[in-house]
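Architecture and fold: a report
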Amino acid sequence: MTIQELRTALVSRTTTATSVAEQHYARIAADDGPSGKGINSYLALSRDRALAQAAKIDALAAKGDPLPALAGVPVGIKDVLTMTGSPATASSLILKGYMPPYDATAVTRLEAAGAVLLGKLNCDEFAMGSSNENSAYGPVRNPRALDRVPGGSSGGSAAAVAAGFAVASLGSDTGGSIRQPAAFCGVVGVLPTYGRISRFGLIAFASSLDRVGPFTTNVRDAATMLGVLAGQDAKDATSSDRPVGDYVGALEKPVKGLRIGVPAEYFGEGLNSEIRAAIENALDGLRAAGCEIKKITLPHTKYAIPTYYVVATAEASANLSRFDGVRFGLRADGVKTLSAMFRETRDQGFGAEVKRRILLGTYALSAGYYDAYYLKAQQVRTLLTRDFLAAFAEVDAIVAPITPTPPWKLGEKTADPLQMYLEDIYSVAASLAGICAMSVPCGQTAAGLPIGVQIMGPHFNEETMLRVALSIETAQT
Ligand code: GLN
């Protein structure tokens with residue numbers, strides 16, 4: 001069901017928010033666990049909170065009162081966002097049992113708009129990963145191909161929407177974690193401009209890159225979610241005071257006359273041929289809809305991965321220093337000194353990938369290496385941003401792949417972290433530049449695996465990006 005369909009059904013009283021929530025919980029009970037398909041997308045269910053909210057919506061509908069934008073919409077929340085009454089683990093052992101004392105602003109906004117929050121969703125530990133295999137609570141399976149990864153780090157958020165365990169979900173994207181799993185699971189995922197959605201209550205990985213965004217089954221629902229989530233927040237100094245756009249309204253405007261950039265650097269060696277063909281097909285559709293397709297160049301693209309993995313790990317090493325056994329979650333037993341407690345807690349609580357990143361990031365920030373790594377990476381980040389600014393002087397949106405390959409088999413890439421990092425080749429530049437980007441389904445491989453295409457837009461122009469996405473989506477159906 002789409003948000004729109006659910007709304008119509010609630011208004012005409014052919015269903016209730018309570019029964020929709022119950023149907024979702026029944027599906028989760030049947031298929032998410034090991035006795036069903038073993039998707040493993042939910043880490044915790046927030047039944048009481050969800051049903052109390054559903055009852056409120058049903059009371060409104062019974063009285064014939066106007067319904068808020070997301071009335072009765074069942075939504076799952078990535079476990080890096082806080083939600084009172086449910087644990088917030090970030091899929092890490094170090095936060096096992098941690099009960100957050102406040103709601104993330106994104107969570108507050110969804111609930112204020114009538115959404116029914118079903119529970120917390122699995123992800124890579126502290127959102128570090130591209131396959132959801134770095135979760136302390138087990139990997140997530142791709143609902144479209146159960147032997148394959150759902151992508152990461154927001155693998156649970158993508159899988160839950162693809163499996164019908166939620167109508168929409170929240171994820172976070174630091175270097176691709178919304179767009180890539182959306183592509184792998186055949187759903188829509190939006191990375192809004194940095195500052196567009198509050199990060200308050202988002203457990204930090206790399207603060208200058210972290211963003212919150214929605215997953216949905218279709219572009220119109222994504223626009224609806226974005227409209228609710230976007231806006232300034234006094235609790236996040238990096239949230240923007242720019243007026244929030246009319247994202248749903250923007251979808252009425254045809255794409256005719258839009259200039260679409262196709263960056264040469266995103267179509268090189270290593271791009272899977274079926275993905276290439278699907279994207280060329282999407283571009284043909286845009287051309288047929290009256291867009292002008294222009295070749296562009298983003299010359300610093302080849303530096304995006306090394307730059308990202310310096311900036312992200314450096315910020316992570318600083319952010320994750322707060323997990324020390326004193327304030328949150330796990331504390332090692334049987335230790336005699338304070339420093340042993342720090343060491344043992346962090347050794348027991350963090351998984352291998354998180355430790356690797358803390359080590360890399362601490363190294364990049366250390367005296368003597370700071371200029372060579374961190375400072376250099378910040379300079380290259382500026383060059384990458386300038387590439388996009390120059391491109392957006394000539395085009396209204398950019399269309400490119402989001403993943404070089406279709407979803408791979410569980411376990412296929414876990415032995416080689418570098419190979420896993422290289423999967424982020426098409427996603428991290430937009431993250432570093434702070435521009436908006438999204439992934440929308442554009443077909444499937446001969447083997448039936450979902451293919452997504454990335455649309456990138458200028459800072460704070462989500463409207464144009466969404467229009468292009470809608471046009472691609474419409475051409476599929
Ligand atoms: N795959 C990237 C990483 O592992 C991106 C993760 C993310 O966006 N949170 O860092």
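Residues numbered from 1 in each chain as written. Predicted model: local features only at pLDDT ≥ 70, side-chain atom pairs only at ≥ 80, totals over all residues. Heavy atoms only, no water.

Time to look at the site of the ligand. The immediate surroundings of the ligand are formed by 15 residues, with A127, G175, S177, Y308 and R357 found nearest. Within the side chain of S177, an N or O atom sits 2.6 Å from an oxygen atom of the ligand. A distance of 3.4 Å separates an oxygen atom of the ligand from a polar atom in the side chain of Y309. Protein contact buries 99% of the 290 Å² of open area that the ligand shows by itself. (Near = heavy atom within 4 Å. Polar contact = N/O pair within 3.5 Å; in protein donor to acceptor, adjacent residues only side chain to side chain. Areas by Shrake-Rupley, 256 points an atom, 1.4 Å probe, with all protein chains shown as cover.)

Next up on the list: a nonpolar patch on the surface. Judged by side-chain polarity, Y363, Y369 and Y373 come together as a nonpolar surface patch covering roughly 290 Å² of accessible area. Structurally, the position occupied by Y363 is in helix α12 (residues 352-365). (Patch = residues over 30% accessible without salt bridge, like charges linked within 9 Å, V, L, I, M, F, W, Y side chains within 5 Å. Salt bridge = Lys/Arg side-chain N within 4 Å of Asp/Glu carboxyl O. Helix = DSSP H or I, 4+ residues; strand = E, 2+ residues; numbered from the N terminus.)

Looking now at the sheet that holds strand β7 (residues 259-263). The strand order across the open sheet formed by eleven strands is β1-β3-β2-β4-β6-β5-β10-β11-β9-β7-β8, and the pairing between neighbours is mixed. Pairing within the sheet leaves two strands with one partner each, and these edge strands are β1 (42-45) and β8 (292-296). For this sheet, the mean angle separating the axes of adjacent strands, direction not counted, is 30 degrees. As defined by bridge partners, β7 adjoins strand β9 (residues 397-401) across two bridges and the pair is classed as parallel. Of the residues in β9, the one forming a bridge with I260 is A397. Together, β1 and β3 (116-121) form the strand contacts of helix α3 (residues 47-63), whose direction differs from that of β3 by roughly 160 degrees. Its contacts with the sheet place helix α7 (residues 219-229) against β4 (168-173), β5 (188-191), β6 (211-216) and β10 (436-444), and it is angled at close to 145 degrees to β6. (Pairing = 2+ DSSP bridges. Axes fitted to C-alpha atoms, helices over the stretch in contact; angles between N-to-C directions. Contact = heavy atoms within 4.5 Å.)

Turning to the pattern of salt bridges, a few remarks are in order. Using the criterion set out here, one finds 16 salt bridges in the structure. Between D103 and R49 there is a salt bridge whose closest N-O contact spans 2.8 Å. Residue D103 is found in the loop between β2 (74-78) and α4 (105-112), and its partner R49 is found in helix α3; the two are separated by 54 residues along the sequence. The shortest N-O distance in the salt bridge between D396 and R259 comes to 3.1 Å. In this pair, D396 sits in the loop between α13 (371-391) and β9 while R259 sits in strand β7, placing the two residues 137 residues apart along the sequence.

Glancing now at unusual backbone geometry. Leave glycine aside and you will find that most residues have negative phi; peptide bonds, for their part, are mostly trans. In this structure, S153 follows G152 across a cis peptide bond, with omega equal to 5 degrees. In this structure, S91 is a non-glycine residue whose phi angle is positive, near 60 degrees. Examined against the element boundaries, S91 turns out to sit in the loop between β2 and α4. Given the relative accessible area of 0%, S91 is considered buried. (Buried < 20%, exposed > 50% of the residue type's maximum accessible area, 1.4 Å probe, protein only.)

Before going further, it helps to spend a moment on the packing of helix α10 (residues 304-319) against α13. For the pair α10 and α13, the least separation of the axes is 9 Å and the interaxial angle reads 125 degrees. Judged on the interaxial angle alone, α13 and α10 are oblique. Considering how the two elements wind past one another, α10 and α13 form a crossing that is left-handed. Across from A304, T307, V310, V311, A314 and E315 in α10, the residues of α13 making contact are Y373, Y374, A377, Q378, V380, R381 and L384. (Parallel < 35°, antiparallel > 145°, perpendicular 65-115°, else oblique. Left-handed = near helix turned anticlockwise from the far one by under 90°.)

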